[in-house]
Amino acid sequence: MKAMILAAGRGERMRPLTDTSPKPLLNVGGIPLIGHHLQRLQAAGFRDIVINHAWLGQQIEATLGTGSTYGVNICYSAEEKGGLETAGGIATALPLLGHKPFLVINGDVLTDIDFAQALKIGAKIEQTGKLAHLWLVDNPEHHSDGDFSLTQTGDVTTEQPHNPTLTFSGIGVYHPALFNSIPPHTRAKLAPLLRTAMQKNQISGEYHTGYWLDVGTKERLHLANQWVNKNRGEYLTDMTNIQ
């Protein structure tokens with residue numbers, strides 16, 4: 001199974017730090033933020049990683065190179081200035097991702113989600129005909145209304161009055177067919193694709209009760225550093241146990 005890390009965002013809310021550095025390269029616990037994903041992916045058994053980039057993307061390539069430092073093989077999907085949004089970026093990278101389900105991770109989150117579970121989820125997606133599986137988390141203060149709900153059967157929906165609304169973590173397993181309607185190199189958002197598929201019960205999901213942080217501001221970057229430094233031993237142990 002391949003994985004893709006989304007790293008094309010400008011990081012406006014993190015300025016001026018992101019004026020000279022792409023957000024995924026900001027330091028968290030002594031390594032780039034994106035390095036935490038690469039470490040956990042490697043520990044989970046992933047070897048082939050695709051990273052898209054737009055803003056200061058050459059810095060990402062120069063810093064991460066082929067991925068050998070992290071024990072993975074990295075391919076890059078370069079986008080024009082301004083990027084292609086999430087669905088557009090994924091659709092453009094499909095030739096690198098192949099024809100089987102793949103894991104996608106927002107490059108600007110920090111989490112202890114067990115990426116190894118994506119291997120089983122990908123196989124289940126192929127068996128059931130689902131188009132995606134999403135990890136949902138508790139609503140953070142800056143996104144109190146949330147995004148989606150989970151049904152009792154494990155489907156993700158936009159309309160579930162008796163279940164709480166949760167926030168999409170930015171991490172999911174996708175079947176390439178979800179992006180069939182998006183031509184390569186076209187700007188397109190992910191949410192409309194997901195909502196259309198939800199109406200056909202084609203999106204499954206699960207509630208993650210562990211750690212998750214949207215590292216979208218300087219204040220939350222500080223929180224990310226605090227959490228990694230405080231939980232470094234347990235965090236690294238968890239990555240070892242993923243194998």
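Above: the structure in question.
Described below are features of the structure shown in this document. The model shown is predicted, which means the values in this text are computed figures rather than measured ones. (Residues numbered from 1 in each chain as written. Predicted model: local features only at pLDDT ≥ 70, side-chain atom pairs only at ≥ 80, totals over all residues. Heavy atoms only, no water.)

Turning our attention to the overall build of the protein. Tallying secondary structure elements over the protein gives 8 helices and 13 strands in all. The C-alpha radius of gyration computed for the protein amounts to 17 Å, which stays within 12% of the reference 18 Å derived for 243 residues, consistent with globular compactness. Judged by the C-alpha coordinates and their principal axes, the protein covers about 45 × 40 × 35 Å. Between the averaged position of the 20 positive side-chain charges in the protein and that of its 22 negative side-chain charges there is a distance of 3 Å. (Helix = DSSP H or I, 4+ residues; strand = E, 2+ residues; numbered from the N terminus. Rg over C-alpha atoms; globule rule 2.2 N^0.38 Å. Lys, Arg positive; Asp, Glu negative; His and termini not counted. Charge placed at Lys NZ, Arg CZ, Asp CG, Glu CD.)

What the 7 strands build is an open sheet, ordered β5-β4-β1-β6-β11-β8-β12; its pairing is mixed. Two strands lie at the open edges of the sheet, namely β5 (73–78) and β12 (203–207), each paired on one side alone. Strand-to-strand, the axes of this sheet are offset by a mean angle of 25 degrees, without reference to chain direction. Here strand β8 (residues 132–137) runs beside strand β11 (residues 167–174); their pairing, made up of 5 bridges, is antiparallel. Its bridge partner lying in β11, Val137 is registered against Thr167. Along the sheet, helix α3 (residues 57–64) contacts β1 (3–7), β4 (48–53) and β5; its crossing angle with β4, the most-contacted strand, is approximately 150 degrees. (Pairing = 2+ DSSP bridges. Axes fitted to C-alpha atoms, helices over the stretch in contact; angles between N-to-C directions. Contact = heavy atoms within 4.5 Å.)

Looking at helix α6 (residues 191–198), one finds that the buried residues are Leu193, Leu194, Ala197 and Met198. An end-on view of α6 places all buried positions within 135 degrees of arc, on one side of the element. Contacts made by the buried residues of α6 are with α4 (85–97), β8, β10 (156–157), β11 and β12. (Buried < 20%, exposed > 50% of the residue type's maximum accessible area, 1.4 Å probe, protein only. Arc of directions from axis to C-beta.)

Another aspect to go through is the packing of aromatic side chains. Applying the stated criterion across every chain yields a total of 4 aromatic pairs. A ring pair is formed by Tyr211 and Trp227, whose centres lie 3.8 Å apart and whose planes are at 5 degrees; its orientation type is stacked. Pair noted here: Tyr211 is in the loop between β12 and β13 (212–214) and Trp227 is in helix α7 (residues 218–230), with a separation of 16 residues, a long-range link. Of the residues examined, Trp227 reaches a relative accessible area of 16% and is grouped as buried. Among the aromatic residues, those joined into a ring-pair cluster are Phe102, Tyr174 and Phe179. For the cation-ring pair, Arg10 lies above Trp55, with the distance from its terminal atom to the ring centre recorded as 3.9 Å. (Phe/Tyr/Trp six-rings, centres within 6.5 Å; stacked < 30°, edge-to-face > 60°. Lys NZ or Arg CZ within 6 Å of the ring centre and 35° of its normal.)

All right, on to the side chain of Ser204 then. Structurally, Ser204 can be placed in strand β12. The residues contacting Ser204, other than those within four sequence positions of it, are Lys130, Ala132, His133, Leu134, Gly154, Asp155 and Val156.

Turning our eyes to something else, we now look at unusual backbone geometry. Note that the residue after Arg15, namely Pro16, is joined by a cis bond; omega there is 10 degrees. Checked against the element boundaries, Pro16 lands in the loop between β1 and α1 (17–20). At Leu56, a residue that is not glycine, the phi angle is positive and equals roughly 55 degrees. Leu56 gets classed as partly exposed once you look at its relative accessible area, which sits at 25%. The backbone of His185 shows a phi angle near 65 degrees, a positive value even though the residue is not glycine. Assignment of secondary structure puts His185 in the loop between β11 and α6. The exposure class assigned to His185 is exposed, which follows from its relative accessible area of 62%.

Honestly, that's just the spatial picture; any functional story needs more than this.
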